[in-house]
Amino acid sequence: MSDATKDYRFAIQTSNISRKFGDFIAVDGIDLSINRGELFALLGPNGAGKTTTIKMLCCLLRPSSGTATIMGHDTQKDPIAVKQIIDLSPQETAIAEHLNAWENLSLMGRIHGFGKEEVKKRSEELLEMMGLTNRAKEQVRKYSGGMKRRLSIAMALVSDPQVLFLDEPTLGLDPQSRRGTWEHIAELKGEKTIVLTTHYLEEADNLADRIAIIDKGKIIALGTPDELKDSISDMQVMAIKAKNLTDDTVEGLRMIYPETREVVNGIEIKAKELNFNEIVDYLRSKGVVIESTSQKQITLDDVFLHLTGKELRE
Amino acid sequence: MRFMILAQRNFKEMFLDYLSLGLAMGLPVVMLLILSPISRVEVMFSPANLAPGIALFAFVMLQFSSSMILAKDRDSALLSRLLTAPLKSKDFISAYSLPYIPIAIIQMVLVFGIAALLGLETSGNLGIVFLVLFIMSMGYIGLGMVAGSLFTYKQVPYAYTTVLLLTIFGGAWFDLAVFGSGFQSVMNVLPFAHALDAARDVMVQGAGFSDIAVDFYWVLGYTIVFFALGIFLFRRRMVE
Ligand SMILES: Nc1ncnc2c1ncn2[C@@H]1O[C@H](COP(=O)(O)OP(=O)(O)OP(=O)(O)O)[C@@H](O)[C@H]1O
Ligand SMILES: [Mg+2]
């Protein structure tokens, strides 16, 4: 373990890492330098290559080219050293169905080399945090999907890893559990290096020190949440609540303002310069009933749309 | 010894597959009881000739059950989680094999216990018989690790059927000689006939270890090869 205590400036470093499946390039030359203790979010639409990247960093997938190191250990040359200091909460729920929650946690804790007592103590905390204490002695195959999901996340935390990979940790959780998980992740912040993938922009916005936006296997933007927002700070966002919007009307608007998107009960338009009156006149001429208009703060959603031309959740 | 933690979980998983386990231990007993009356007319079915064959037949279930658990886990997200733990391929193979060793011992005790009740006579040292058969049982578990690393759990039953047929035609129930020398020599390349010959020679002809040494090392060699192959194939599956 002496190597693990060496002072590496970067917890995770990748150099031009790529992965092909057949002819298809899932990850295309990614360079990352993630600091120790940093909470780093990978944000991107479905199929962007987030899971593929994480799997390469966890020694589960072999890069087609390029290299990656975790705390200085090469993922391909020294996977065991890497595995000693990492843990992963996979995107799919990963639990032993026939064991109860205690046994599941104990399996992961002890396989990482922790003693019985320590694992028990940590399991108690984790079960409490995930709201599973009452059902902890039940076979987990009887759990609901959300309960399984919570256990699956807890199983990645029990080994107290130096570097933690969370692949869509809050996917499928109800708002309360999601908040609980966020709080726990926030508590770990600084203490561990965490790489998180997510579809929830507010998750990345609130938790992450830095965010990489990834699309079609490439990093298309990287920075702190504020930096990313500043990158389009010369843009204005106008939110319009309206009725009787048709697809044609919205398309017409997109001819002038490409970054127009439909939201619940209306539309949002983003552009460097917005001609307020022109927009209102256009909409009225199409028979749209405008209920309210307002200027909006720039969010990561806007950044994402601007960079990729896509909504994050399609 | 971290693999012991996973072995414990696999031990539980093995018991949940009570059908395989019940067959593994029940079927040989039933067969022994059914077939032994024939021993009065056919020497091939005397307890000493019968017991080793039935034991091998029982061991095939170990191959089936162990490969099933491994192949099913490979299909699940749980394994990718386990693969991020600092275990090596040989640790995984140990964890998936170990639970079956006590079952193999119970099978041998059952088969030879019943055979004893049916009048098993031995001219040689039963310890040698047990040793050879135990190594052979490990060979079947090793084959289970090969099949479990190589195939999906839907394909595993075909591997089981193949090994079962090889065991039956490898001399478990038929005298190999009746098939002619070509077939016999093919089967003699495989370990099954060697395990059976060794066990029968000891019990029927009073052979000592040196008489069956070739058979013994033949079986041991295969067992080692099966495990080595299982570890190799599993390692290839660890990183896609
Ligand atoms: N084993 C595989 N074989 C073939 N193609 C694969 C494999 N794994 C992933 N891909 C492809 O690689 C691309 C990236 O997949 P990946 O799972 O990394 O996306 P993601 O960003 O995690 O998406 P999501 O948000 O849907 O989880 C996808 O087009 C996917 O179909
Ligand atoms: Mg994914």
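Residues numbered from 1 in each chain as written. Chains lettered and ligands numbered in written order. Predicted model: local features only at pLDDT ≥ 70, side-chain atom pairs only at ≥ 80, totals over all residues. Heavy atoms only, no water.

**Overview of the overall build of chain B**
- The number of helices and strands found in chain B is 11 helices and 0 strands.
- Counted from the first residue to the last, chain B has its helices and strands arranged as α-α-α-α-α-α-α-α-α-α-α.
- In terms of C-alpha radius of gyration, chain B reaches 18 Å, essentially the compact-globule figure of 18 Å for 240 residues.
- The buried share among the 240 residues of chain B stands at 55%.
- Of the contacts made within chain B by residues no fewer than 6 positions apart, 81% connect residues no fewer than 24 positions apart.
- Summed over its atoms, the accessible surface of chain B is roughly 10100 Å², and 69% of this surface lies on carbon and sulfur atoms. (Helix = DSSP H or I, 4+ residues; strand = E, 2+ residues; numbered from the N terminus. Rg over C-alpha atoms; globule rule 2.2 N^0.38 Å. Buried < 20%, exposed > 50% of the residue type's maximum accessible area, 1.4 Å probe, protein only. Contact = heavy atoms within 4.5 Å. Areas by Shrake-Rupley, 256 points an atom, 1.4 Å probe, with all protein chains shown as cover.)

**What to know about the interface of chain B and chain A**
- Contacts between the two partners involve 21 residues from chain B, matched on the other side by 31 residues from chain A.
- Counting each side, the surface lost to burial between chain B and chain A is near 2500 Å², with a carbon and sulfur contribution of 63%.
- Inspection of the region where chain B meets chain A yields 1 salt bridge.
- In this assembly, chain B and chain A are joined by 9 residue pairs in polar contact (both at pLDDT 80 or more).
- Elements that contribute at least two residues to the side of chain B that touches chain A include exactly helix H1 (3-16) and helix H4 (77-83) of chain B.
- Here the side of chain B that touches chain A is composed, by residue class, of 12 nonpolar, 2 polar and 7 charged. (Buried area = accessible area lost by both parts, 1.4 Å probe. Salt bridge = Lys/Arg side-chain N within 4 Å of Asp/Glu carboxyl O. Polar contact = N/O pair within 3.5 Å; in protein donor to acceptor, adjacent residues only side chain to side chain. Nonpolar A, V, L, I, M, F, W, Y, C, P; charged D, E, K, R; others polar.)

**Here we look at the nonpolar core**
- Ranked by internal contacts, the top residues of the largest apolar core, which has 158 residues, are A:Ile70, A:Phe165, B:Leu82 and B:Phe92.
- It is helix H3 (residues 47-74) of chain B that contributes the most residues to this core, 16 residues altogether.
- By size, the runner-up hydrophobic cluster in this structure holds 16 residues, among which are A:Ala242, A:Ile267, A:Ile279 and A:Val288. (Core = buried A, V, L, I, M, F, W, Y, C linked by side-chain atoms within 4.5 Å.)

**Concerning the site of ligand 1**
All names here are of chain A.
- By nearness alone, 14 residues border ligand 1, and Gly47, Lys50, Thr51, Thr52 and Gln91 come closest of all.
- One nitrogen or oxygen atom from the main chain of Gly47 is found 2.8 Å from an oxygen atom belonging to ligand 1.
- Contacts to ligand 1 include Glu168, whose side-chain N or O atom sits 3.4 Å from an oxygen atom.
- The protein chains hide 63% of the 640 Å² of surface that ligand 1 would expose on its own.
- Looking at the shell around ligand 1 element by element, the count peaks at 3 residues for helix H1 (residues 50-57). (Near = heavy atom within 4 Å.)

**What about the packing of aromatic side chains?**
All names here are of chain B.
- All chains considered together, the criterion is met by 10 aromatic pairs over all chains.
- Aromatic side chains Phe112 and Phe130 sit 5.2 Å apart centroid to centroid with 75° between the ring planes, which places their arrangement in the edge-to-face category. With a gap of 18 residues between them, Phe112 in helix H6 (residues 100-117) and Phe130 in helix H7 (residues 126-150) connect regions that are remote in the sequence.
- Residue Phe130 is classed as partly exposed on the basis of its relative accessible area of 31%.
- Each ring, one from Tyr222 and one from Phe226, has its centre 5.6 Å from the other, and the planes form 55°; the classification is tilted. You can see Tyr222 and its partner Phe226 sitting in helix H11 (residues 209-238), 4 residues apart, about one turn around the helix.
- Judged by its relative accessible area of 12%, Phe226 falls in the buried class.
- Taken together, the ring pairs in this structure connect Phe59, Tyr140 and Phe192 into an aromatic cluster. (Phe/Tyr/Trp six-rings, centres within 6.5 Å; stacked < 30°, edge-to-face > 60°.)

**Overview of the coordination of the magnesium ion (ligand 2)**
- The magnesium ion (ligand 2) binds to the protein through A:Thr51 (OG1) and A:Gln91 (OE1), with metal-donor distances spanning 1.9 to 2.1 Å. In this pair, A:Thr51 is assigned in helix H1 and A:Gln91 in the loop between strand E6 (86-89) and helix H3 (101-111), connecting sequence segments 40 residues apart. (Donors = N, O, S within 2.8 Å, 3.2 Å for Na, K, Ca; no water.)

**Re the pattern of salt bridges**
Residue and element names in this part refer to chain A.
- Summed over all chains, the structure comprises 17 salt bridges over all chains.
- Of the charged contacts, one joins Asp205 and Lys229 as a salt bridge, the two residues approaching to 3.1 Å between their closest N and O atoms. Within this pair, whereas Asp205 is found in helix H7 (residues 201-207), its partner Lys229 is found in helix H8 (residues 225-230), the two being separated by 24 residues in sequence.
- As a salt-bridge pair, Lys270 and Glu259 come within 2.0 Å of each other at their nearest N and O atoms. On the criterion of sequence distance, the pair formed by Lys270 in strand E13 (residues 266-271) and Glu259 in strand E12 (residues 259-263) is long-range, its members being 11 residues apart.
- With relative accessibility at 16%, the residue Glu259 sits in the buried group.
- Salt bridges here are not isolated pairs; linked through shared partners, they connect Arg122, Asp160, Glu191 and Lys192.

**Examining the domain arrangement of chain A**
- Taken as a whole, chain A is organised into domain 1 (10-227) and domain 2 (234-297).
- The C-alpha centroid of domain 2 of chain A is placed 39 Å from the C-alpha centroid of domain 1 of chain A. (Domains from an automatic or database assignment.)

**With respect to H11(B)**
- Across its 30 residues, H11(B) extends 41 Å between first and last C-alpha, which sits within 8% of the 44 Å expected from 1.5 Å per residue.
- Maximum bend of H11(B): about 35°, positioned at B:Asp215. (Expected span 1.5 Å × (residues − 1). Bend = angle between axes of the 7 residues up to and from the residue.)

**Here we look at the pairing of strand E1 (residues 10-21) of chain A**
Residue and element names in this part refer to chain A.
- Judged from the 8 bridges that link them, E1 and strand E2 (residues 24-35) form a sheet pairing that is antiparallel. Bridging from a neighbouring strand, Arg19 pairs with Val27 of E2.
- Linking two consecutive strands that pair antiparallel, namely E1 and E2, is a turn of 2 residues; a positive phi of about 65° is found at Gly22 within it. (Pairing = 2+ DSSP bridges.)

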